[in-house]
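# Geometric and topological summary
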Amino acid sequence: MMTSSVNAQLTFKQQQLTFPRVRAAYDDSWIRLQNQLKTAKFDGPFQLYLAAYKTEGILEVWAKKIKDKEYRLFKTYKFCAHSGTLGPKVQEGDYQTPEGIYYINVFNPMSNFHLSLGVNYPNGVDKTRSGTKRPGGDIYIHGNCVTVGCIPLTDEKIREVYVLAVEAQNSGQTKIPVHIFPFKMNKANLDKFAVQFPGQKTFWTGLQPAYQHFEQNKTLPQSSERGGKYTFK
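Here is what the cut-offs are and how they apply
- Residues numbered from 1 in each chain as written.
- Predicted model: local features only at pLDDT ≥ 70, side-chain atom pairs only at ≥ 80, totals over all residues.
- Heavy atoms only, no water.
- Helix = DSSP H or I, 4+ residues; strand = E, 2+ residues; numbered from the N terminus.
- Rg over C-alpha atoms; globule rule 2.2 N^0.38 Å.
- Buried < 20%, exposed > 50% of the residue type's maximum accessible area, 1.4 Å probe, protein only.
- Contact = heavy atoms within 4.5 Å.
- Areas by Shrake-Rupley, 256 points an atom, 1.4 Å probe, with all protein chains shown as cover.
- Lys, Arg positive; Asp, Glu negative; His and termini not counted.
- Charge placed at Lys NZ, Arg CZ, Asp CG, Glu CD.
- Disulfide = S-S within 2.5 Å.
- Pairing = 2+ DSSP bridges.
- pLDDT = per-residue confidence, 0-100.
- Salt bridge = Lys/Arg side-chain N within 4 Å of Asp/Glu carboxyl O.
- Polar contact = N/O pair within 3.5 Å; in protein donor to acceptor, adjacent residues only side chain to side chain.
- Phe/Tyr/Trp six-rings, centres within 6.5 Å; stacked < 30°, edge-to-face > 60°.
- Lys NZ or Arg CZ within 6 Å of the ring centre and 35° of its normal.

### Regarding the overall build of the protein chain
Counting its regular elements, the protein chain contains seven helices and ten strands. For the protein chain, whose C-alpha radius of gyration is 18 Å, the value lies close to the compact-globule estimate of 17 Å for 233 residues. Its C-alpha atoms give the protein chain principal-axis dimensions of about 55 × 35 × 30 Å. Among the 233 residues that make up the protein chain, the fraction classed as buried is 47%. When contacts within the protein chain are restricted to residue pairs at least 6 apart in sequence, long-range pairs at least 24 apart make up 60% of them. For the protein chain, the computed accessible surface area is about 11600 Å², with 51% contributed by carbon and sulfur atoms. Looking at the protein chain, you have 30 positive and 19 negative side-chain charges, and the mean spots of the two groups are 4 Å apart.

Have a look at this one:
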């Protein structure tokens, strides 16, 4: 009872630092990241937005000071492995990486893949798409270089992303947005890949406004899930 009471008084960061791998991640990367954040004028409390692009194989980490409106690109990390093909995840075991609008809902400091950040797949759109099929789950951004649908980074890279996410959550950002796109969703790419994957054109056309809004404004659109589709404003 006493231990539970003490843990309840710890900040999120303090709770995370009770785990050896998180402490090691801070020892390895936090001073370097602090210097980079300061150089980029992100010193002090900040918020994050993560954008993943499957074709390009990159995870973009955008940041902004809490008082600011617009995000700015802070770092880009390359995936170190891929699975599946373009198109959203539909069912358990299809090896697909999801595509859609998500947020981080799990911090796993004892992951089988070093450290991992879970995204809230399946959301309502995913469940509607899956119908009677089991949509699967356990989608993470993680270390190591193996995947059956997740976003794998090297252990070194996930240490940085994990530490940044801990700092953002500790500053009050309880839902760090993660948008997973099939590709950079400009018109040329959408036209090109819709020919190769005609069955995905309707879904991709519905997802594209999230990409376009951010590209134009560097702010996140308000999104909702209605009738198995995303709506934005």
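### Examining the state of the cysteines
A full pass over the atoms with the stated rule returns one disulfide. Put simply, Cys80 and Cys145 are joined by a disulfide, and their sulfur atoms are 2.2 Å apart. When the S-S torsion is -115 degrees, as for the bridge of Cys80 with Cys145, the disulfide is left-handed. Here Cys145 lies in the loop between β6 (140-142) and β7 (151-152) and Cys80 lies in the loop between β3 (72-78) and β4 (100-111), a separation of 65 residues in the sequence. By relative accessible area, which is 37% here, Cys145 ends up partly exposed.

### Topic: the pairing of β3
One ladder, built from six bridges, connects strand β2 (residues 58-65) with β3; its direction is antiparallel. Within β3, the position partnered with Ala63 by the bridge is Arg72.

### Some details on the confidence of the model for the protein chain
Caution applies to low-pLDDT regions: their predicted coordinates should not be interpreted in detail. When pLDDT is averaged along the protein chain, the result is 95; 97% of the residues meet or exceed 70. This model gives residues 1-5 a pLDDT under 50, and the stretch forms zero contacts once residues within four places in sequence are excluded.

### Describing the pattern of salt bridges
Summed over all chains, the structure comprises eleven salt bridges. Across the salt bridge formed by Asp28 and Arg32, the nearest N and O atoms sit 4.0 Å from each other. Here Arg32 and Asp28 lie together in helix α3 (residues 20-39), a separation of four residues that amounts to about one turn. A relative accessible area of 35% places Asp28 in the partly exposed class. Owing to a relative accessible area of 31%, Arg32 belongs among the partly exposed residues under this scheme.

### Notes on the side chain of Ser83
If you trace the backbone, Ser83 turns up in the loop between β3 and β4. Reaching out from Ser83, the side chain makes a polar contact with the backbone oxygen of Tyr95 at a distance of 2.8 Å. One polar contact links the side chain of Ser83 to the main-chain amide nitrogen of Gly149, over a distance of 2.9 Å. Setting aside residues up to four positions removed in sequence, Ser83 forms contacts with Tyr95, Thr97, Thr147, Val148 and Gly149.

### Let's talk about the environment of Lys13
Structurally, the position occupied by Lys13 is in helix α2 (residues 12-16). In this structure, Lys13 is in contact with Tyr26, Trp30, Val166, Glu167 and Asn170, ignoring residues within four places of it in sequence.

### Notes on the packing of aromatic side chains
Any aromatic ring pair is given by two values, namely how distant the centres are and how the planes are angled relative to each other. In total, this model carries 16 aromatic pairs according to the counting rule given. Taking 5.8 Å as the distance between ring centres and 80 degrees as the angle between the ring planes, the aromatic pair formed by Phe181 and Tyr211 counts as edge-to-face. Highlighted residues: Phe181 in strand β8 (residues 177-181) and Tyr211 in helix α7 (residues 201-217), separated in sequence by 30 residues. Exposure class is identical for Phe181 and Tyr211. Each is buried. Clustering of aromatic rings is evident, with ring pairs tying together Tyr49, Trp62, Tyr71 and Phe214. For the cation-ring pair, Lys175 lies above Tyr103, with the distance from its terminal atom to the ring centre recorded as 4.7 Å. It is Lys184 that lies over the ring of Tyr53; its NZ or CZ is 4.3 Å from the centre.

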